[in-house]
Every structure is written in structure tokens, then in C-alpha cells.
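Chain and residue survey
Take a look at the letters that make up each chain.
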Amino acid sequence: EHYWSDTWRSNLIYSQARANVADFIPQGRSNVTGLDANGNRITLATTGYSISKTMHQLYVNLLWSPLEKFDVGVEYAYFRRETINNYLGYGNRFQFGAYYKF
């Protein structure tokens, strides 16, 4: 947390998570099975492609305290995720918030 003045402050936050997937999920895939209308077992879906290997998150915010018990802020968040099958995903989010401390 960095205070720019008595009423303005910011935070810069970074996090990373890594996971090892259990060996019993071959290459991160596992079939979901069910029965068709005739009672035959069929594969309904293949799961595992969405299992995360790494996740990175970065947050930057700016908070303003115009009154002693009142804060207003804006925050930007960036996300990057890689699955065990090396698919990449990215995300961005802007947030606005205000709160009063009772």
C-alpha cells in the first residue's frame, strides 16, 4: 500500500498459483460416461481440458478517502491462466466501489 497523500492511496498486488495434476488423469483427460436410451454406456464428454496448471493475477487500485469514514476506489485486474493441456486464457476486469465505515 502506498499513500500518495492523506486522502489518496494505491495497492499493487501480484499472485501466482501452480498445481500438479494427479497421475490418474491421463494427459489431463477423463471421460464422463452415461447411458443412452437403450441402456448402452456412452461417452458424454471429456473433462480435464479446463484444469489449471498456472494462474497469474495482477491488481492495481486507486482509493480516495474524501471523508474520514468514506472511501471510493477503482481497481483494474488482469488474469492469465494456463491449463494442463497448454491452453491459455486471459481476462481483464475493472471495478468501482464505495463504502462507509460505521
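Okay, so let's go over this structure. Being a predicted model, the structure only gives us computed values, none of them experimental. (Residues numbered from 1 in each chain as written. Predicted model: local features only at pLDDT ≥ 70, side-chain atom pairs only at ≥ 80, totals over all residues. Heavy atoms only, no water.)

Here we look at a nonpolar patch on the surface
Stated precisely, the cut-off is as follows: Without a salt bridge and with relative accessible area above 30%, a residue can belong to a patch; like charges are then joined within 9 Å and nonpolar side chains (Val, Leu, Ile, Met, Phe, Trp, Tyr) within 5 Å. For every accessible area listed, the method is Shrake-Rupley and the probe measures 1.4 Å; residues are considered covered only by the protein chains on display. Salt bridges are defined as contacts in which a side-chain nitrogen from Lys or Arg sits within 4 Å of a carboxyl oxygen from Asp or Glu. Helix and strand definitions follow DSSP, with helices as H or I runs of at least four residues and strands as E runs of at least two, each counted in order from the N terminus.
A grouping of Trp 4, Trp 8, Leu 62, Trp 64, Val 74 and Phe 96 is seen on the molecular surface, where their side chains present a nonpolar patch of about 660 Å² in accessible area. Mapping Phe 96 onto the fold places it in strand E7 (residues 88-100).

A look at the pairing of strand E5 (residues 52-67)
Heads up, the rule is: Any two strands with at least two DSSP bridges between them are considered paired.
Pairing of strand E2 (residues 8-18) with E5, which is carried by 11 bridges, proceeds in the antiparallel orientation. Its bridge partner being in E5, Asn 11 is matched across the sheet by Asn 61. Relative to strand E6 (residues 70-83), E5 runs antiparallel, the two being bridged by 13 bridges. Within E6, the residue paired with Met 55 across the bridge is Arg 81. Counting the residues in the hairpin turn of E5 and E6 gives 2 residues.

Concerning the pairing of E6
Inspection of the sheet shows E6 paired to E7 by 13 bridges, in the antiparallel sense. Paired with Glu 82 across the strands is Leu 88, a residue of E7. A loop of 4 residues connects E6 with E7, the two strands running antiparallel in sequence, and Asn 86 in this loop sits at a positive phi of about 65°.

Some remarks on the environment of Ala 17
What counts, and what does not: Any two residues whose heavy atoms approach within 4.5 Å are treated as being in contact.
Structurally, the position occupied by Ala 17 is in strand E2. Linking Ala 17 and His 56, residues 39 residues apart in sequence, is a C-alpha distance of 6.7 Å. The residues touching Ala 17, leaving out its near neighbours within four places in the chain, are Lys 53, Thr 54 and Met 55.

Looking at the environment of Ile 13
Checked against the element boundaries, Ile 13 lands in strand E2. Once residues lying within four places of it in the same chain are set aside, the contact partners of Ile 13 are Gln 57, Leu 58 and Tyr 59.

A word on the pattern of salt bridges
As a reminder, the rule being used: Relative accessibility thresholds used throughout: buried, under 20% of the residue-type maximum; exposed, over 50%; partly exposed, between the two (1.4 Å probe, protein chains only).
Per the counting criterion, the structure on display carries 4 salt bridges. We note a salt bridge from Arg 9 to Asp 71, for which the minimum N-O separation is 3.2 Å. In this pair, Arg 9 sits in strand E2 while Asp 71 sits in strand E6, placing the two residues 62 residues apart along the sequence. Each member of the pair Arg 9 and Asp 71 is classed as buried. Lys 53 is paired through a salt bridge with Glu 82; the nearest N and O atoms lie 3.3 Å apart. With Lys 53 in strand E5 and Glu 82 in strand E6, this residue pair connects regions lying 29 residues apart in the sequence. Taking relative accessible area as the criterion, Lys 53 reaches 26% and is therefore assigned partly exposed. Linked by salt bridges that have partners in common, Glu 1, Arg 9, Asp 71 and Lys 101 make up one network.

Remember that the coordinates give geometry; whether it matters functionally is a separate question.
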